[in-house]
There are 2 protein chains.
Amino acid sequence: MNAKQIQLKSRPEGLPNANNFAEAEVALAAIKDGEFLVKNLWMSVDPYMRGRMIDRKSYIAPFEIGAVLEGGAIGEVIESNNSEFPVGSKVNSMHGWRSHYVTDGTEITRLPQTPISESHFLGVLGMPGMTAWTGLNRIAELKSGETLFVSAASGAVGSVAVQIGKLMGARVIASVGSDEKAEHIKSLGVDAVINYKTCGDLTAALAQAAPEGIDVYFENVGGEHLTAALNNMKDHGRIAVCGMIAQYNDTVPTPGPANLAQIIMKKLKIEGFIVFEHWAHYPEFAKQMGQWLAEGKVTAEQTVYEGLSNAPEAFIGLFEGKNRGKMIVKLT
Amino acid sequence: MNAKQIQLKSRPEGLPNANNFAEAEVALAAIKDGEFLVKNLWMSVDPYMRGRMIDRKSYIAPFEIGAVLEGGAIGEVIESNNSEFPVGSKVNSMHGWRSHYVTDGTEITRLPQTPISESHFLGVLGMPGMTAWTGLNRIAELKSGETLFVSAASGAVGSVAVQIGKLMGARVIASVGSDEKAEHIKSLGVDAVINYKTCGDLTAALAQAAPEGIDVYFENVGGEHLTAALNNMKDHGRIAVCGMIAQYNDTVPTPGPANLAQIIMKKLKIEGFIVFEHWAHYPEFAKQMGQWLAEGKVTAEQTVYEGLSNAPEAFIGLFEGKNRGKMIVKLT
């Protein structure tokens, strides 16, 4: 049988465009003993994938030109010679960007039975949700009563971070890129929302939203957001550095904040993290998040594009602010 | 009796110059009950004082125009109505930049008897030495076998940090601003020294000196040094941010490093600190450093200017790289 897949045709310079991607059809071998065939139902597009399109040493190997892309995906077993993955099983893998794949089960996990859509294992119950939880709990160690600032707050990670922040007892300030997103994020219980595109001076806007300063900044953006956060941190504030999406498409290096001396004056702690290194804590997270979802305390946000052919457009849309919550692609 | 003092005449813009300071003579009242008169023997000039010359909120109040400056000083009690500070006592205070002062003993400490010059309580046994020790032990938690990079390595803090680094079992790489300083710092046992003014690309020079990367960066400088360190840090590296002297005289903000995304990719931890918050650990430090000095394992470096009138020149010299080790002024 044949599988459709999206390959990296060329390395993007600046914002990726449709020409960086190619759709191809490849033949799949028949399944051998111990193998099974998966039909993907959902796939994830995430900002970190932009980094893998650059040919450089990083925490994860770069994508290769002419090879199929990779990323989180939820699929269903449709043919099986493996008793641990019978036909009908729903599975989570890193074999996204393709319609079908054959595997022996290496690094494939079966999804538990849950009342919510399995697509949420790519979002609030998956890597982005776990990232938000890890940054707040294990990196910044947010405490009840503290003030939390989250940038890119309507994104896949940010929209979970603001909700976890509230559940942990923090006062939560969010920044987003449109009034429509601001309205929506307010409906999630956030205390103050800044539209960074229209607020004027971000340092001043943040000072108004957090007159006593910020204890924890959940950093998704970099650039002016980091400058404004540094200017508004309290003494001994902590910054969990999850992403710097403002810079992912830079073609020339963008200088960093001019106010890094705040790190000394305020005795700040800044820590970068990669969620995969904390994966041993996934069960603890999943139990807590599953409970919050069941109790209706966390809203699982999704933006869904339809069809594998539209996956590049969904990915590009991440950098144009087109998603609210987790951006995913429905593949059937 | 009269005391000579140096006052802040005007706030410096950029590099301080002699016109920012004024010498004055003020009358001291006779000592009352419980008070004593101190004649200063030595005073300290330190880079952090530049920050206090700016009118802004910081961890310590700004100096006032027309008022005497402040800073560490070692003096001798020459008249006393306080039995805890008899005539002849040597005392440590923050009443530098003046020849004499009257006090009731508040925040004055008596020096212990030691075989070394009491001036070292302004350097290797005082705030700068304690800063180096705190940054390596309590902030970066340097471990034996790790690679340490220290910038401004021939300065008051840096020259102690490189020596403590060696005593803690690290491979130590230092950067300095002249070949003469490089030669000297090598004599302290440092493994590799970079003259940042002549090395060309600092990132490349550091990569050559530390081909396997840096575990701990002791940050005194900022700017290009921070860029180069970020490019050369190992995964999970730690940066103890003590100072950013390259920026203290900026008249317009200098942009920060363009490679802050390294914080995420390498999962770095960056922490600023102010030594005064760690002062409860001073006895632990002093015991250790006293032992190292007695055993000849640490060389106490000093650059001495003579006379109160030359204190401004000594201070300005800090930003021109004129000191090797601790810059102090001898007041007699």
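Remember, predicted model here, so these are calculated numbers, not experimental data.

J.: What is the right way to read the overall build of chain A from this model?
T.: Scanning chain A from terminus to terminus reveals 9 helices and 15 strands. Taken over C-alpha atoms, the radius of gyration comes to 20 Å for chain A, in line with the 20 Å a tight globule of 332 residues would show. In terms of its C-alpha atoms, chain A occupies a principal-axis envelope of roughly 65 × 45 × 35 Å. Looking at the 332 residues of chain A, the share that counts as buried comes to 56%. In chain A, the share of contacts with a sequence separation of at least 24, taken over all contacts with a separation of at least 6, comes to 66%. Surface accessibility of chain A: about 13800 Å² in total, with carbon and sulfur atoms responsible for 49%.

J.: What is the right way to read the relation of the copies chain B and chain A from this model?
T.: For these two chain copies, the linking operation is a rotation about an axis paired with a shift along it. For the pair chain B and chain A, the relating rotation is 180 degrees, the translation along its axis is 0.0 Å, and the fit reaches an RMSD of 0.0 Å. Taken together, the rotation and translation describe the operation of a two-fold axis. Within chain B, the C-alpha atom positioned nearest to the axis of rotation is that of G256 of chain B, 2.1 Å from it. When the interface residues of chain B are mapped onto chain A, 100% of them again fall at the interface, so both copies present the same face.

J.: Can you walk me through a nonpolar patch on the surface in this structure?
T.: Side chains of Y59, F276 and W279 of chain A sit close together on the surface and give an oily, nonpolar patch of about 270 Å² of accessible area. In this structure, F276 of chain A sits in the loop between strand 13 (269-272) and helix 8 (282-294).

J.: I keep staring at the pattern of salt bridges and nothing clicks. Help me out?
T.: A pair can form between side chains of opposite charge whenever their charged atoms are brought close. On inspection of all chains with the given rule, the structure shows 26 salt bridges over all chains. A salt bridge links E118 of chain B to K90 of chain B; the nearest nitrogen and oxygen atoms lie 3.5 Å apart. Remark: K90 of chain B occurs in strand 5 (residues 90-93) and E118 of chain B occurs in the loop between strand 7 (109-110) and helix 2 (127-139); sequence separation between them is 28 residues. We classify K90 of chain B as partly exposed; its relative accessible area is 27%. Through salt bridges with shared partners, one network takes in E180, E301 and R324 of chain A.

J.: Even after reading the chapter, I still don't get the pairing of strand 13 of chain A, so can you show me in this structure?
T.: Where a strand is regular, its side chains alternate between the two sheet faces. Of the strand pairs in this sheet, strand 12 (residues 233-241) of chain A and strand 13 of chain A are connected by 4 bridges, and their pairing is parallel. When the sheet's bridge partners are listed, A240 of chain A is paired in strand 13 of chain A with E271 of chain A. Note that strand 13 of chain A and strand 13 (residues 269-272) of chain B share 3 bridges and pair antiparallel. If you follow I270 of chain A over to strand 13 of chain B, its bridge partner there is I270 of chain B.

J.: What is the right way to look at the sheet that holds strand 12 of chain A in this model?
T.: Strand-to-strand pairing in sheets goes through backbone hydrogen bonds, with the strands running parallel or antiparallel. With mixed pairing, 12 strands are arranged side by side in an open sheet as 10(A)-9(A)-8(A)-11(A)-12(A)-13(A)-13(B)-12(B)-11(B)-8(B)-9(B)-10(B). Both edges of this open sheet fall to strand 10 (192-195) of chain A together with strand 10 (192-195) of chain B, since each of them pairs with a single strand only. Strand after strand, the sheet turns through a mean of 15 degrees between neighbouring axes, direction not considered. Sheet analysis places strand 8 (residues 147-150) of chain B next to strand 9 (residues 171-176) of chain B, joined by 4 bridges and oriented parallel. Bridging from a neighbouring strand, F149 of chain B pairs with I173 of chain B of strand 9 of chain B. Along the sheet, helix 3 (residues 158-167) of chain A makes contact with strand 8 (147-150), strand 9 (171-176) and strand 11 (214-219) of chain A, crossing strand 8 of chain A at roughly 170 degrees.

J.: When you look at helix 9 (residues 311-318) of chain A in this model, what are you seeing that I'm missing?
T.: Residues spaced three or four apart along an α-helix point in a common direction, a consequence of the helix completing one turn every 3.6 residues. Residue and element names in this part refer to chain A. Within helix 9, 7 of the 8 residues are buried, which leaves the element mostly enclosed by the surrounding structure. Residues A311, P312, A314, F315, I316, G317 and L318 constitute the buried set of helix 9. Along its buried surface, helix 9 packs onto strand 1 (2-8), strand 2 (21-27), strand 3 (36-44), helix 1 (48-52), strand 14 (302-306) and strand 15 (326-330).

J.: Please explain the UniProt feature "domain: Enoyl reductase (ER)" (unreviewed entry) in chain A as it appears in this structure.
T.: UniProt feature "domain: Enoyl reductase (ER)" (unreviewed entry): in the numbering of this structure it lies at residues 14-329 of chain A. As annotated, residues 14-329 of chain A has a helix share of 25% and a strand share of 24%, and its two end C-alpha atoms lie 23 Å apart.

J.: Please explain the interface of chain B and chain A as it appears in this structure.
T.: Size of an interface: often given as the accessible area lost when the parts come together. Taken together, the contacts link 31 residues of chain B with 31 residues of chain A. Regarding the contact of chain B and chain A, the summed buried area is about 2500 Å², with carbon and sulfur atoms giving 67% of it. Our enumeration of links across chain B and chain A arrives at 2 salt bridges. Residue E277 of chain B is joined to K267 of chain A by a salt bridge in which the shortest nitrogen-to-oxygen separation is 2.8 Å. The interface formed by chain B and chain A contains 10 residue pairs in polar contact (both at pLDDT 80 or more). A per-element tally of the side of chain B that touches chain A places strand 13 of chain B first, with 4 residues.

J.: Explain the environment of L167 of chain A to me, please; I cannot follow it from the model alone.
T.: All names here are of chain A. Counting through the fold element by element, L167 comes out in helix 3. Remark: the alpha-carbon pair of L167 and G189, spanning 22 residues in sequence, is separated by 9.9 Å. With near-sequence residues (within four places) excluded, L167 lies in contact with W292, K297 and V298.

J.: Quick question: what am I supposed to make of the side chain of K266 of chain B here?
T.: Residues and elements named next belong to chain B. You can see K266 is positioned in the loop between helix 7 (262-265) and strand 13. A polar side-chain atom of K266 sits 3.3 Å from the main-chain carbonyl oxygen of M233. Apart from residues lying up to four places away in sequence, K266 is in contact with L230, N231, N232, M233, K234, D235, H236 and G237.

J.: What's the story with the packing of aromatic side chains in this structure? I'm lost.
T.: Here the distance between the centres and the angle between the planes together describe a pair of aromatic rings. Taken as a whole and assessed by the stated rule, the structure comprises 22 aromatic pairs over all chains. Relative to F315 of chain A, the ring of F21 of chain A has its centre 6.2 Å away and its plane inclined at 75 degrees; by these criteria the two rings are edge-to-face. Here F21 of chain A is found in strand 2, whereas its partner F315 of chain A is found in helix 9, with 294 residues between them in sequence. By the burial criterion, F21 of chain A is buried, and F315 of chain A matches it. Centroid distance F149 of chain B to Y217 of chain B: 5.0 Å. Interplanar angle 15 degrees. Geometry classified as stacked. Note that F149 of chain B is positioned in strand 8 and Y217 of chain B in strand 11 (residues 214-219), a separation of 68 residues in sequence. For Y217 of chain B, a relative accessible area of 0% corresponds to the buried category. Ring pairs connect the aromatic residues W133, F276, W279, Y282 and F285 of chain A, which therefore count as one cluster.

J.: Can you walk me through the side chain of S151 of chain A in this structure?
T.: Here S151 of chain A is to be found in the loop between strand 8 and helix 3. Side chain to side chain, S151 of chain A and Y217 of chain A meet in a polar contact 2.9 Å long.

Procedures and definitions
Residues numbered from 1 in each chain as written. Chains lettered and ligands numbered in written order. Predicted model: local features only at pLDDT ≥ 70, side-chain atom pairs only at ≥ 80, totals over all residues. Heavy atoms only, no water. Helix = DSSP H or I, 4+ residues; strand = E, 2+ residues; numbered from the N terminus. Rg over C-alpha atoms; globule rule 2.2 N^0.38 Å. Buried < 20%, exposed > 50% of the residue type's maximum accessible area, 1.4 Å probe, protein only. Contact = heavy atoms within 4.5 Å. Areas by Shrake-Rupley, 256 points an atom, 1.4 Å probe, with all protein chains shown as cover. Least-squares fit on C-alpha atoms with pLDDT ≥ 70 in both. Patch = residues over 30% accessible without salt bridge, like charges linked within 9 Å, V, L, I, M, F, W, Y side chains within 5 Å. Salt bridge = Lys/Arg side-chain N within 4 Å of Asp/Glu carboxyl O. Pairing = 2+ DSSP bridges. Axes fitted to C-alpha atoms, helices over the stretch in contact; angles between N-to-C directions. UniProt positions renumbered as here; feature names shortened; annotations may be inferred. Buried area = accessible area lost by both parts, 1.4 Å probe. Polar contact = N/O pair within 3.5 Å; in protein donor to acceptor, adjacent residues only side chain to side chain. Phe/Tyr/Trp six-rings, centres within 6.5 Å; stacked < 30°, edge-to-face > 60°.

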